[in-house]
Structures are given as C-alpha cells and as structure tokens.
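# Chain and residue survey
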Amino acid sequence: TFPYGITPKNVGQKFMQEALLAPVNDIPLVIVKGPAGTAKTFYSLACGLQKVVEEKEYRKILVCRPTTTMDEDLGFLPGTENEKIAPYMRPIKDNLEVLVDSNANKRYENEKELSEKVQYLFEKELITTEAVGFLRGRSIVKQWIIIDEAQNLTPKQAKAIITRAGEGTKIILVGDPEQIDNPFMDTRTNGLSYASSKMQGSPYCAQITLDGGECVRSKLSEDAAKRL
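These remarks concern the structure in this document. (Residues numbered from 1 in each chain as written. Predicted model: local features only at pLDDT ≥ 70, side-chain atom pairs only at ≥ 80, totals over all residues. Heavy atoms only, no water.)

## A closer look at unusual backbone geometry
Despite not being glycine, Ala39 shows a phi value in the positive range, around 70°. Even without being glycine, Lys142 reaches a positive phi, approximately 50°. Inspection of the secondary structure assignment puts Lys142 in the loop between strand 3 (127-130) and strand 4 (143-147). (Helix = DSSP H or I, 4+ residues; strand = E, 2+ residues; numbered from the N terminus.)

## A few points about the packing of helix 1 (residues 11-21) against helix 2 (residues 40-54)
Running from N to C, helix 1 and helix 2 cross one another at 35°; their axes reach a closest spacing of 10 Å. The two elements helix 1 and helix 2 meet at a crossing, and its hand is right-handed. Facing Gln13, Met16, Gln17, Leu20 and Leu21 of helix 1, the residues of helix 2 in contact are Lys40, Tyr43, Ser44, Cys47 and Lys51. Split by residue class, the contact of helix 1 with helix 2 holds 5 nonpolar, 3 polar and 2 charged. (Axes fitted to C-alpha atoms, helices over the stretch in contact; angles between N-to-C directions. Left-handed = near helix turned anticlockwise from the far one by under 90°. Contact = heavy atoms within 4.5 Å. Nonpolar A, V, L, I, M, F, W, Y, C, P; charged D, E, K, R; others polar.)

## A short note on the packing of helix 2 against helix 5 (residues 90-100)
Where helix 2 meets helix 5, the axes come as close as 10 Å, and the angle between the chain directions of the two elements is 55°. By the criterion of interaxial angle, the relationship of helix 2 to helix 5 is oblique. By crossing handedness, the relation of helix 2 to helix 5 is classed as right-handed. Across from Thr41, Phe42, Leu45, Ala46 and Leu49 in helix 2, the residues of helix 5 making contact are Ile92, Asn95, Leu96, Val98 and Leu99. Residues that form the contact of helix 2 with helix 5 fall into these classes: 8 nonpolar, 2 polar and no charged. (Parallel < 35°, antiparallel > 145°, perpendicular 65-115°, else oblique.)

## Section: the pattern of salt bridges
Counting across every chain of the model gives 7 salt bridges. Here Lys51 ties to Glu57 by a salt bridge, and the two come within 3.0 Å at their closest N and O atoms. Linked through salt bridges whose partners overlap, the residues forming this network are Lys51, Glu55 and Glu57. (Salt bridge = Lys/Arg side-chain N within 4 Å of Asp/Glu carboxyl O.)

## Here's the deal with the sheet that holds strand 4
Judged by pairing direction, the sheet is parallel, and its 6 strands sit side by side in the order 3-2-4-5-1-6 without closing on themselves. Sheet topology places strand 3 and strand 6 (205-209) at the edges, where each strand pairs with a single neighbour. Strand-to-strand twist in this sheet, taken as the mean axis angle between neighbours without regard to direction, amounts to 15°. Taken together, the 4 bridges between strand 4 and strand 5 (residues 170-175) define a ladder with parallel strand orientation. Pairing of Ile146 across the sheet is with Ile172, part of strand 5. Across the sheet, helix 8 (residues 191-198) lies against strand 1 (29-33), strand 5 and strand 6, angled at about 125° from strand 1, the strand it touches most. (Pairing = 2+ DSSP bridges.)

Functional significance is not addressed by these values, which are geometric in nature.
So this is what it looks like as structure tokens:
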C-alpha cells in the first residue's frame, strides 16, 4: 500500500516508508536524517495520515517543531498556545496542502477549498501541534508523533520525548544535523545526533539517512544544498 496515495521516488523513500508503516510494536521509534528537500517531513505526514485517517490505528498526529527561540520566549508571547506556535508550523501546513489534494494541476485553483481541507484536519483534532516544551511530564498514548527539525533538540529534550512514549505511540524524529539553529550545539552534540548514536542497535528503532541525491524539491534546491 502507498500512504495517502504517495509513491516513493527513490530507494531512501522506500526504506523510510517501510520503517514508518511498520507496526508500532515492532518499530515504535524512527529516526530520519537528511538534507532539505528529501521529503522527510512530507513522508512522515503522509504515513501518519494513512495510519490515523484511513486505518485509524492511532488517535491523532502530534507535530512538534523545536526552535531556539520557541522554548525560551513562548510564554511571553501574546495569544493562545496555538497562536504562538502557528508561524513555526507553516511548513507543516504547506506539506498538508499537497497531501490533501493530490491533483497537482488543480491544487491551487481554489485556495479557500484547499485551506478548508487542511483546517478540517485540525478542527477534528486529527492533527495537533505543540511546542516541545509542552511535552514535559506527559505520557502520550496511541499517537503518531513527528518531531520536525529535531536537530534543534538538546540531548536532554530528545531523551525526554522518547521516554514519554506511551503504549501504542510511534515517534518519528526528522532533521538535518548540518542545519542547526542553536548556537550551543553542533553536528555531533545536538539531540537528533545524540538519539541516533544512543539508539544504534536497538531492536525498537529504525534509522534512515537520506543524501542530497535524493532531494525531490527542484534542481535549484538540489544544487543549492550542495553549494551553500
């Protein structure tokens, strides 16, 4: 089966699909590393929608995106929690727009209808978004958790998230260890690399590393990833 009608475009995506769709009792943790444009987040969302909306194996998708400013400043920003983190979640909504309307030629003809399709997923709480800091002290049961930009986690945060996994919950860490926004971490000391290193050999964790050659955005994106 192809998740939400999405077919893998390369070997890396095929491995990613197999790990993501594997039963949660077999592989509850998936770590995906790779440069921008390799469809890490996109595929994680596609498989999540397949498992939540179509197969109803999980209660909902929970997406978190750590940033260097979010955990420090979030409490002082005006608005509700969702309003505070909305700007950080725009890339998630961009991916969802592609997934909810598979017809690429007509996708943006009716922006209102497209927006309503994405909004429906949030209104029905099939997808929720949170700041990483809000996961502390919780046990999360039967959810599909995507930690996007996981290279901006600290090792302590990565440990806290993975150890919060309750029964029937699948955790997906995705990110690029070369693109770190936190000035106090590097390619080795960030939470994504830390989790990847410590979980090597675990029977409960699948790890996939995608390379620049598997970029699916555009020729410019692929060339820029190599040069910049």
